[in-house]
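# Summary of structural features
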Amino acid sequence: MKPNECDILSLELADEGLRRIRWADNDMPVLESIRREFRNTTPLKGLRMSACLHVTAETANLVRALQAGGADVVLCASNPLSTQDDVAASLVRDFDVRVYAVRGVDNENYYKHLRAAAENKPHVTMDDGCDLVTLIHEKYEHQIGGMIGSMEETTTGVIRLRAMERSGALKLPVIAVNDAKTKNLFDNRYGTGQSTVDGIIRATDILLAGKNVVAAGYGWCGRGFANRCRGMGAKVIITEVDPVKALEAAMDGFHVMTMEQAAPIGDLFCTLTGNKHVIRAEHFEKMKDGAIVANSGHFDVELDIPALDRISKSVQRGVREHVDEYLLENGRRVFLLAEGRLINLAAAEGHPASVMDMSFATQALCSSYMAGNGGGLDAHVYDPPAEIEDRVARLKLDSMGLAVDELTEVQISYLSDWQEGT
Ligand code: ADE
C-alpha cells in the first residue's frame, strides 16, 4: 500500500494490531465460517466497498470477510475517538486495506477521511452512524447512479436514514442491519451493556456497588446497561420519554423518574438514547458534587456540553485519562468522561468480539444479499432478510454447541390450521 493511499498513525504499530485482530478472530466463529464460504463463492467479486465503521479488531475481521468475498475495501473511521491505531496499521500492512483513520483527529481530518472513502466511488457502502451516506448524498450525488446500496450498523444511523426517507432525500436502498434481531438483541443489549460499564470503570476505577446510577433511555442499549449495573450492585434509575418503555423499566424493577428528579440523586449518569441534549444545564446545576457523567450514544450531542461549559467557572482537562473536571458556578464539580463521546469505544475496546461476531456476520451476509439483489431494490430503508437472521442465529448456536428442536409435521400443520380450536 502506498503511503498516499491511506492515512494512519504509524505502520510501526502493526505487530500489536495483528495480535489483536487474531485474538478477536478466536471469538468470531460465525464470521470465520462466512469468510471461508465467501472465499469459494466470491459474492462480492469486482465490487468496490467503502466502509465507515469503528476501526477495531472486530471490524478488521469483517473487512477480511468482505475481501474474501472479492470486494476491494476502503475503510474510514465512523468516530474520531474510536480508532484502534494499531489495528489500522495492521490492516494496511498485513491485509492490504486502504485505511483512513487516526484516533483523536479533528473534525476537518475526520471529514477528509470520509471524502477519501467516498472518492473511492464505491458500489456498496457500509455505515455506522450514516455519515458516509449523508456525505455522498450531499457532495457526491453524481456517484449515486453507479451505486447498488448501503448497510447501516447503528440505531442513530437508522433514525437519520428514516428521516431522509420521509423527506424524500434518500436516493439509495439501505438495509438497516441494526434492526436485525441477531444484531440489536445481542450487540445493543449485551455488547453496549458490558462495554459501557467497562469504559466507565476503565476511565474512573469507581465501584458500582451501592452507587445511584442514572441510565437515560430504556431501549436495548439502556436495558443492557441498566441490568449489568444492577448485577454489580448499583441502584439504577431509568429516565425515559416513551411511556411504554418507562412502564417496562418500572415492571423490570427499576426506579423510573424524570431527569430533573434524578439529577440531585445520581452518582453516575449515562445517556443511551440516540437523541440530543438529554442532560442539560438545568440538570447539571442540580447534580451532587463529584457526579460523573458519560454518554454511550453514537454522537456526542446527548450531553449538552456547551451548556456545561457556560455554567462552569473553570475546566481542568485530564484530571485522569478520559476525565475532565468542570467546576460549576455553584461550587460543585461534575466529572465528564471522554468529552461526551461514546464511552465504550473511547475509554474501552468497544463490544467484545463474541457479540460483534453476530453483528458483522449479519453485515457480511447483507452485503452479499445487496450485491445479488440491490439492483432490484428501491430507495427505501429495508429490514434485513429473515433468512439471514435465522442463519446467523443457527451458526452462532452451533458454535456454542447448542441445538434447537425441529417442528414435527403435526406441529407444522397445527400452526397453519385456523379451524383446530378447543
Ligand atoms: N461498535 C461497538 N463495539 C464495536 C467493536 N468492537 N467494533 C466495531 N464496532 C463496534
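Anything mentioned here points back to the structure above.
To start, this report covers the structure provided alongside it. The model shown is predicted, which means the values in this text are computed figures rather than measured ones.

We now examine the sheet that holds strand β14 (residues 333–337). Read from one edge of the open sheet, 8 strands run β9-β8-β7-β10-β11-β14-β13-β12, paired in mixed fashion. Looking at strand neighbours, the two that pair on one side only are β9 (255–256) and β12 (312–320), the edges of this open sheet. Of the strands in this sheet, β7 (212–216), β8 (235–239) and β10 (268–271) are in contact with helix α9 (residues 220–231), which crosses β8 at around 165°.

Quick look at helix α1 (residues 14–26) now. With 13 residues, α1 should cover 18 Å at 1.5 Å per step; its first-to-last C-alpha distance of 19 Å lies within 8% of that length. Listing the buried residues of α1 in full gives Ala14, Gly17, Leu18, Ile21, Ala24 and Asp25. Across the axial projection of α1, the buried residues extend over an arc of 130°, all falling on one side. The exposed set on the far side of α1, more than 90 degrees from its buried face, consists of Arg19, Arg22, Trp23 and Asn26. In the core, the buried residues of α1 are packed alongside α2 (29–41), α3 (57–68), α4 (85–95) and α15 (353–373).

Lining the immediate environment of the ligand, one finds His54, Thr56, Glu58, Thr59, Leu345, Glu349, Gly350, His351, Met356 and Phe360. One of the side-chain N or O atoms of Thr56 is found 2.7 Å from a nitrogen atom in the ligand. In this structure, His351 approaches the ligand through a main-chain N or O atom, which is 2.8 Å from a nitrogen atom. Secondary structure elements with two or more residues in the shell around the ligand: α3 and α15. Partitioning the shell around the ligand into residue classes produces 3 nonpolar, 5 polar and 2 charged.

Rules used throughout
Residues numbered from 1 in each chain as written. Predicted model: local features only at pLDDT ≥ 70, side-chain atom pairs only at ≥ 80, totals over all residues. Heavy atoms only, no water. Pairing = 2+ DSSP bridges. Helix = DSSP H or I, 4+ residues; strand = E, 2+ residues; numbered from the N terminus. Contact = heavy atoms within 4.5 Å. Axes fitted to C-alpha atoms, helices over the stretch in contact; angles between N-to-C directions. Expected span 1.5 Å × (residues − 1). Buried < 20%, exposed > 50% of the residue type's maximum accessible area, 1.4 Å probe, protein only. Arc of directions from axis to C-beta. Near = heavy atom within 4 Å. Polar contact = N/O pair within 3.5 Å; in protein donor to acceptor, adjacent residues only side chain to side chain. Nonpolar A, V, L, I, M, F, W, Y, C, P; charged D, E, K, R; others polar.

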